[in-house]
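Structure at a glance
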Amino acid sequence: NGFLYSYLHLNHLSRQVLTGSLQPGSVAPNSVSLSIKGRRFPSITLQPTGRRFQVTCATKQETVQKVCDIVKKQLALPEGSSVTGESKFAALGADSLDTVEIVMGLEEEFGISVEEESAQSITTVQEAADMIDKLLESKTD
C-alpha cells in the first residue's frame, strides 16, 4: 500500500535526522505529498525545531476554494474578483458585520460551530480555511 510505504519511509528518515545518523551528504525531505489511486492527500511538512521536527498538515485546497467562494458571495463581489488564501477580509471591503456573516456562511457550509473568540481572530481566507480544517479534524477524532 502506497500510504503505508510513504509513512514508513518518512518515519525512517525522521528517525535518522533526529538521531543524527543521516548519511553525510544526504538531504532529508522537508515535505511529503501522498497520492493513492488518484486521490490526493494534504502535504505533510517537516519543520525543524532544533533537533526535533514538527509535523503539520497543509490546509486542503478544496477548503480554501470553498472559503473563497463563500467570501465572494457574502461580500457580493463582482464576477472575476480575485480572492485567494492570502486575501484579507478588510482589503476586500468587509466590515465586522460582514465578517460575522462570512463566519455564519462557513458554519452552515461545513457543518461546524465557530467560537466567538476564534471568529474575531480570523482576518484572511487562509486563516478561515485553517480553522475549518482543524475543527473538522477534531470532529472526526
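Because the structure is a prediction, the values reported are computed rather than measured. The residue numbering used here restarts from 1 in each chain and proceeds along that chain's sequence as written. Per-residue local features are limited, in this predicted model, to residues with pLDDT of at least 70; the limit for side-chain atom pairs, both in listing and counting, is 80 or more; totals at the level of whole chains, interfaces and linings are taken over all residues. Only heavy atoms go into the side-chain values, all of them from the structure, while hydrogens and water stay out.

Another aspect to go through is the overall build of the chain. Working definition: helices are DSSP H or I runs of at least four residues, strands are E runs of at least two. Numbering for both runs from the N terminus. Looking only at helices and strands, the chain features five helices and five strands. What you see in the chain, going N to C, is helices and strands ordered as α-β-β-β-β-β-α-α-α-α. For each residue, the accessible area found with a 1.4 Å probe, counting protein chains only, is set against the maximum for its type, and the residue is called buried under 20%, exposed over 50%, and partly exposed in between. The burial tally for the chain puts 28% of its 141 residues in the buried class. We call two residues in contact when some of their heavy atoms are within 4.5 Å. Once local pairs closer than 6 in sequence are excluded, the contacts in the chain between residues at least 24 apart make up 49%. The Shrake-Rupley method, run with a 1.4 Å probe sphere, supplies the accessible areas, and residue values consider only the shown protein chains as cover. Here the chain displays about 9800 Å² of accessible surface, and carbon together with sulfur accounts for 51% of that area.

Another point: the nonpolar core. Membership of the largest hydrophobic core comes to 22 residues, with the highest contact counts inside it found for Val67, Val71, Phe89, Leu106, Phe110, Val125 and Ile132. Those elements giving two or more residues to this core turn out to be α2 (61-74), α3 (96-110) and α5 (125-140). Only buried residues count toward a nonpolar core. Its members are Ala, Val, Leu, Ile, Met, Phe, Trp, Tyr and Cys residues joined through side-chain atoms within 4.5 Å.

Once that is clear, we can look at the pattern of salt bridges. Once the charged atoms of two side chains with opposite charge are near each other, the side chains can pair. In the sections that follow, a salt bridge refers to a side-chain nitrogen of Lys or Arg positioned within 4 Å of a carboxyl oxygen of Asp or Glu. Summed over all chains, the structure comprises one salt bridge. Measuring nitrogen to oxygen at the nearest pair gives 3.8 Å for the salt bridge that ties lysine 66 to glutamate 109. Of the two residues, lysine 66 is situated in helix α2 and glutamate 109 in helix α3; the sequence distance between them amounts to 43 residues. Its relative accessible area of 37% is what places lysine 66 among the partly exposed residues.

Before going further, it helps to examine the side chain of threonine 63. Along the polypeptide, threonine 63 turns up in helix α2. Polar contact is the term for a pair of N or O atoms within 3.5 Å; when the atoms are in protein, one must be able to donate a hydrogen and the other to accept it, and sequence-neighboring residues count only if both atoms are side-chain atoms. Side-chain polar atoms of threonine 63 contact the side chain of aspartate 133, separated by 2.9 Å. Look past the residues within four positions of threonine 63 in its chain and what remains in contact with it is Phe110, Ala129, Ile132 and Asp133.

Turning to α5, a few remarks are in order. Expected span of a helix: the number of residues minus one, times 1.5 Å. With 16 residues, α5 extends 23 Å from end C-alpha to end C-alpha; this agrees with the ideal 22 Å at 1.5 Å per step. Within the span of α5, buried status applies to Val125, Ala128, Ala129, Met131, Ile132 and Asp133.

Assignment of secondary structure puts glycine 105 in helix α3. The class for glycine 105 is buried, based on a relative accessible area of 14%.

Time to look at the packing of α2 against α5. Describing two packed helices takes the angle between their axes plus the distance from one axis to the other. In the contact formed by α2 and α5, the axes pass within 9 Å of each other and the chain directions differ by 125°. If you check the angle between α2 and α5, you find them oblique. The handedness of the crossing between α2 and α5 is right-handed. Listed contacts from α5 to Thr63, Val64, Val67, Cys68 and Val71 of α2 are Val125, Gln126, Ala128, Ala129, Ile132 and Asp133. A class-by-class count of the residues in the contact of α2 with α5 yields eight nonpolar, two polar and one charged. Interaxial angles span 0 to 180 degrees and are taken between N-to-C directions of axes, which are lines fitted to C-alpha atoms, for helices over the stretch in contact. Here is the rule for angles: anything less than 35 degrees is roughly parallel, anything more than 145 is roughly antiparallel, 65 through 115 is roughly perpendicular, and the remaining ranges are oblique. Rotating anticlockwise by less than a right angle from the far helix to the near helix defines a left-handed crossing, while the corresponding clockwise rotation defines a right-handed one. Under the scheme applied here, ten amino acids are nonpolar (Ala, Val, Leu, Ile, Met, Phe, Trp, Tyr, Cys and Pro), four are charged (Asp, Glu, Lys and Arg), and all others, including Gly, are polar.

On to the confidence of the model for the chain. The quantity called pLDDT is the predictor's confidence in a given residue, expressed from 0 to 100. When pLDDT is averaged along the chain, the result is 76; 57% of the residues meet or exceed 70. Across the chain, α2 holds the top mean pLDDT of 93, while strand β5 (residues 52-57) sits lowest at 49.

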